Amino acid sequence: METTWQLTVDCADPGTLVAFWCEALGYVPEPPPDGHATWRAYWTDRGVPEADLAGMTDGPESIVDPTGKGPRVWFQQVPEPKGTKNRLHVDLKVGGGRDVPPAVRRERVTAAVARLTRAGASLVRLTDEPDPGHYAALLRDPEGNEFCVV
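The following paragraphs examine the structure supplied in this document. Not measured: the values here are computed from a predicted model.

### Section: helix α1 (residues 14-25)
If you check α1, its first and last C-alpha atoms are 16 Å apart, about what twelve residues at 1.5 Å a residue would give, namely 16 Å. Buried within α1 we find Pro-14, Leu-17, Val-18, Phe-20, Trp-21, Cys-22 and Ala-24. In the stretch just after α1, Gly-26 is the one whose phi turns positive, near 75 degrees.

Here you go:
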């Protein structure tokens, strides 16, 4: 039996994170199943009680890799705010790896950080260790979830 998986992110505002993470990952909002104008309409058709859909908008709450290679990401609206440091985070590997010259990796990371901060991320810190050639940035998405750009 094949195992598939998705990443589920608890959040207050799925729409904000859908837009941000589409930009960050090159993903697209997941369209609702055929015959349904929205995911809310789909879940209503499936018999999900209205009380369980409280707070859900008509906008998408999940994103998918348009190539079909990456996992689905679902932004699950929850009532409680984020409370502590993430125990799991995403690394956006834009630099190209150790075979790419450090100056090129630094340029790529810097460009991605600029793009993502324009999209709503906030920079927490940069790590610049010239000896091992490690340049990375720790950021937070619009709801405070930490992720790295390396």
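Now that the structure is up, let's keep going.
### Examining the packing of aromatic side chains
Enumeration over the complete set of coordinates arrives at six aromatic pairs. Ring plane angle 70 degrees and centroid distance 4.8 Å describe the contact between Tyr-42 and Trp-43, whose orientation is recorded as edge-to-face. The class of Trp-43 is partly exposed, set by a relative accessible area of 33%. Three or more aromatic residues link up through ring pairs in this structure, and these residues are Phe-20, Trp-21 and Phe-147. Seen from the ring of Trp-39, Arg-72 lies directly overhead, with NZ or CZ sitting 5.8 Å from the centre.

### Digging into the sheet that holds strand β2 (residues 28-29)
In spatial order, the strands read β1-β4-β3-β2; together these four strands make up an open sheet with mixed pairing. This sheet does not close on itself; its edge strands, each paired only once, are β1 (6-11) and β2. Examined bridge by bridge, β2 and strand β3 (residues 62-64) share two bridges and lie antiparallel to one another. Residue Pro-29 lies in a different strand from β3, and its bridge partner there is Ile-63.

### Overview of the side chain of Asn-145
Inspection of the secondary structure puts Asn-145 in the loop between β7 (134-140) and β8 (146-149). With residues up to four places along the chain from it excluded, the contact list for Asn-145 reads Val-9, Leu-17, Lys-82, Asn-86, Leu-139 and Arg-140.

Each value, and the rule that gives it
- Residues numbered from 1 in each chain as written.
- Predicted model: local features only at pLDDT ≥ 70, side-chain atom pairs only at ≥ 80, totals over all residues.
- Heavy atoms only, no water.
- Helix = DSSP H or I, 4+ residues; strand = E, 2+ residues; numbered from the N terminus.
- Expected span 1.5 Å × (residues − 1).
- Buried < 20%, exposed > 50% of the residue type's maximum accessible area, 1.4 Å probe, protein only.
- Phe/Tyr/Trp six-rings, centres within 6.5 Å; stacked < 30°, edge-to-face > 60°.
- Lys NZ or Arg CZ within 6 Å of the ring centre and 35° of its normal.
- Pairing = 2+ DSSP bridges.
- Contact = heavy atoms within 4.5 Å.

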